[in-house]
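Here's the letter readout for the chains.
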Amino acid sequence: MAGKIIRYFAGGNTARGFYSLFDSNLEGLERVYILKGGPGTGKSTLMKEIGEYLSEKDYSIEYLHCSSDPDSIDGVIIPSLRVGIVDGTAPHVIEPKLPGAVEEYVNLGEAWDAKELAKKKQAIQELSKQVSQAFQDAYQTFAEALRVHDDWEKIYIENMDFAKANELTNKIISTFYGNMTLNKQSEVRHRFLGAATPKGAVDFVPNLTADINKRYFIKGRPGSGKSTMLKKLASEGEERGFDLEIYHCGFDPNSLDMVIIRELGIAIFDSTAPHEYFPSRDSDEIIDMYESIIAPGTDEIFADQIKEVESKYKTNMKKAIGYLADAKTLRDELEAIYIATMDFDVVGEQKEKILSEIQEQADLE
C-alpha cells in the first residue's frame, strides 16, 4: 500500500513579489538536501522519483509544487524520517542553519558541460534577463490588482456588522474547540492554499482535505471578514496546543485562505473564486459571511461600482498571468540550452546517493 501524498505550494508569485514559506515547512527536519544547478538540470525529476520510490515503500510524502510551473516540484519532504530535499536556486534560496550537520548541498551543475554552456553565454544572459523582467512585470501587475481589490473590499467592509462578525467567529471557535486544551506546544506549518501560475490559479484543496471528516466552506465577498475569522481561529488553536496547517492566500500572503486542524478532523477554507468549491459530502457545511454579517442589499445598492472594480481586477489578474506564461516560455528556452549539455547519468548517481542515505536513515529509525 502506497503512503499518503499531500501537495501544496510553499512559494508564490504574489502581489508582494515572490513570497517564500519554505522555512516553516523545513523546520524540525534532521536532514535537508539543497539542490543547486541551473534550469533543466533535473532537480524536479530527481525529487519526484525519490518521492515516488518512498511512497511505494509506505512512507507518507509531501510534495512542494512550483508556482511558476505547477507540474514541477520545488521540494519533497518525508515527515516520518525528518528528511527533505529542496530546490535551493533562486528565487527560493534556502539559507542553511547548520551546514553539514543538517543541510547538505548537492551540486547538479557537476553534470553539465561547462565548455558548451560557455559558448551559449550570451543567449543564457539574454534569456535570464527576459525571464527576470517578465516576473517583475507580473509582480507589478499583481500589486495593481491588489490595490483594486482593496477598493472592492472597502465596499463590503463599510457595510459590515462587526458585532455580528465577532459573534459568528466566537460561535465557530466554541464549536471547534469547546473546552479542549492540549498539554503541548502547537506545531504550526505555513503554506499557500493555491498559487498564481502560468496556467492560471491552481490549488490542491481536494487533496489536502481528502481525509478530513468535517469541512467548512466559507462563502462571501471580498472584505467580508473571511481572512480575519481564519486568523482568529488559528490563533485560538495555537494557544490551545493544536497542530495547525495555515494556508495563506496565493495572491496576498498577508491574508489567510484555509486552516486545517487534523487532530480534530476539521478544515475551514475560503471557498470563493478562484478556489471555489461546493459541498460534496453529507458532513460538509457552508458558512455564508455575506448572509450573516453584511447589510442586506449591499450587492444591489453598489452593483455598478462593484461591476467596475471587479472588471479592473480581473483585467489586471489576466494580464499578470500572461506575464507568468511569458516567463515560463522563456524559461523553457533556457532549460533547453542546459538540457543539451547535461549528462543525466551523473544526476542519476546523485539521486542514488541521496536515496541510499535516506534508506540508511530509515533503517536507523
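Residues numbered from 1 in each chain as written. Predicted model: local features only at pLDDT ≥ 70, side-chain atom pairs only at ≥ 80, totals over all residues. Heavy atoms only, no water.

- An unreviewed UniProt entry annotates the protein chain as PRK06851 family protein of Niallia oryzisoli.

1. Details of the environment of Glu236
Part 1: Checked against the element boundaries, Glu236 lands in helix H7 (residues 226-239).
Part 2: The class of Glu236 is partly exposed, set by a relative accessible area of 22%.
Part 3: Measuring from C-alpha to C-alpha, the distance between Glu236 and Ile77 comes to 28 Å, with 159 residues separating the pair along the chain.
Part 4: Leave out the neighbours within four places in its chain, and Glu236 touches Ile173 and Tyr177. (Helix = DSSP H or I, 4+ residues; strand = E, 2+ residues; numbered from the N terminus. Buried < 20%, exposed > 50% of the residue type's maximum accessible area, 1.4 Å probe, protein only. Contact = heavy atoms within 4.5 Å.)

2. Description of unusual backbone geometry
Part 1: With an omega of 10°, the peptide bond between Ala90 and Pro91 qualifies as cis.
Part 2: Mapped onto the fold, Pro91 is located in the loop between strand E7 (83-87) and strand E8 (103-107).
Part 3: Across the junction of Ala273 and Pro274, the peptide omega takes the value 10°, indicating a cis bond.
Part 4: If you trace the backbone, Pro274 turns up in the loop between strand E15 (266-270) and strand E16 (285-288).
Part 5: The residue Asp58 is not glycine, and still its phi comes out positive at about 80°.
Part 6: Residue placement: Asp58 occurs in the loop between helix H2 (43-56) and strand E5 (61-66).

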